[in-house]
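Each chain, letter by letter, is given below.
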Amino acid sequence: ITVTGIGSYTGISGSITFTIAPATLTIASADVADKTYDGSTAATVNSVTFSGVTNSDTLQLGSDYTATAVFDSADAGERTATVTVTLTNTNYTLAEDATTCQATATIAKADYDGAVAASGTIQPGASGTVTLPALPEGASYGTPTTTDSAAVRSLSIAGDRLNYSGGSISDGAVYTVTVPVTGAMNFNDYTITVTLTGEIPSTPSTPSTPSTPSTPV
């Protein structure tokens, strides 16, 4: 600082150190990205809005602050995420006990990536059973159907088993049954495909009757 003298007074100069305190901010809101179910509670923060930013400053994620988020559940549905913010721009500081906020986002159901097929055999006039693949949480088997109703009859499900009986069967032919699966907590509806291979049991041959020796005259 320089002071210039007037009249009988001479000027003086000197220095004074001033401290500019960081401006205090609060978190107004946060935007968290929707995602597809992946079995984790990890969430991605798109942006955070602050209250108390001075002038025309704009704080940018990555360069001025970092933010992490965790969903309250890994399951599909509308979820609440807790967002934790750390400022890296030294012109600002967050108010004490104000480093977190909550935001909502949606975890969408995923396509099921487990087992969706089963197989067995089918014989004419005989009952058969195939064990179906296990279901994800919340899901249930629907009504089984087939386009080969002349061959595959009496379709039903008991527990995790598909029951059926054989009608007009060709040996080696492949018949298809579809079983819908609905209601899974974290997965879209899907279909189990069951393939049944026709078998014609071999008929045991009739043993020949031994010839009776001729009686001498």
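As shown above, the structure is provided for reference.
Attention in this report is confined to the structure presented alongside it.

Rules of the game
Within any chain, residue numbers begin from 1 and follow the written order of that chain's sequence. Only residues with pLDDT of at least 70 get local features here, since the model is predicted, and only at 80 or more are side-chain atom pairs given and counted; chain-wide, interface and lining totals rely on the full set of residues. Only hydrogens and water are set aside when side-chain values are computed; all heavy atoms of the structure are taken into account. Secondary structure follows DSSP: runs of H or I at least 4 residues long count as helices, runs of E at least 2 residues long count as strands, and numbering of each begins at the N terminus. Burial here depends on accessible area, computed with a 1.4 Å probe over protein chains only, as a share of the maximum for the residue type. Under 20% is buried, over 50% is exposed, and the range in between is partly exposed. Contacts are residue-level and defined by heavy atoms, with any inter-residue pair within 4.5 Å sufficient. Polar contacts, as counted here, are pairs of nitrogen or oxygen atoms within 3.5 Å of one another; within protein the pair requires one atom able to donate a hydrogen and one able to accept it, and residues that are adjacent in sequence qualify only if both atoms are side-chain atoms. Pairing between two strands requires that DSSP report at least two bridges joining them. Under the pairing criterion, centres of Phe, Tyr and Trp rings, with the six-membered ring standing for Trp, must be within 6.5 Å; the plane angle then separates stacked pairs below 30 degrees from edge-to-face pairs above 60, leaving the rest tilted.

### Examining the environment of Lys 35
Inspection of the secondary structure puts Lys 35 in strand S4 (residues 35–36). Residue Lys 35 is classed as buried on the basis of its relative accessible area of 18%. For Lys 35 and Ala 110, which are 75 residues apart along the polypeptide, the C-alpha to C-alpha distance reads 9.5 Å. Not counting residues up to four positions away in its chain, the partners in contact with Lys 35 are Ser 40, Thr 41, Ala 42, Phe 71, Thr 106, Ile 107 and Ala 108. Within the local environment of Lys 35, its side chain forms a polar contact with the backbone oxygen of Ala 42, the two atoms lying 2.8 Å apart.

### Some remarks on the pairing of strand S3 (residues 23–32)
Inspection of the sheet shows S3 paired to strand S9 (residues 92–94) by three bridges, in the parallel sense. Bridging across to S9, Leu 25 finds its partner in Leu 94. Taken together, the six bridges between S3 and strand S6 (residues 45–51) define a ladder with antiparallel strand orientation. Each residue of the ladder has a partner; that of Asp 31, found in S6, is Ser 47.

### Some points on the side chain of Thr 146
The topology assignment puts Thr 146 in strand S14 (residues 145–146). For Thr 146, the side chain forms a polar contact with the main-chain nitrogen of Asp 148, separated by 3.0 Å. A polar side-chain atom of Thr 146 sits 2.7 Å from the main-chain carbonyl oxygen of Thr 176. The residues contacting Thr 146, other than those within four sequence positions of it, are Val 152, Leu 155, Thr 176 and Val 177.

### A look at the packing of aromatic side chains
Geometry of an aromatic ring pair is reported as the spacing of the ring centres plus the angle between the planes. Overall, the coordinates contain four aromatic pairs when judged by the stated rule. Put simply, the rings of Tyr 37, Tyr 112, Phe 187 and Tyr 190 touch in pairs and so form one group of aromatic residues.

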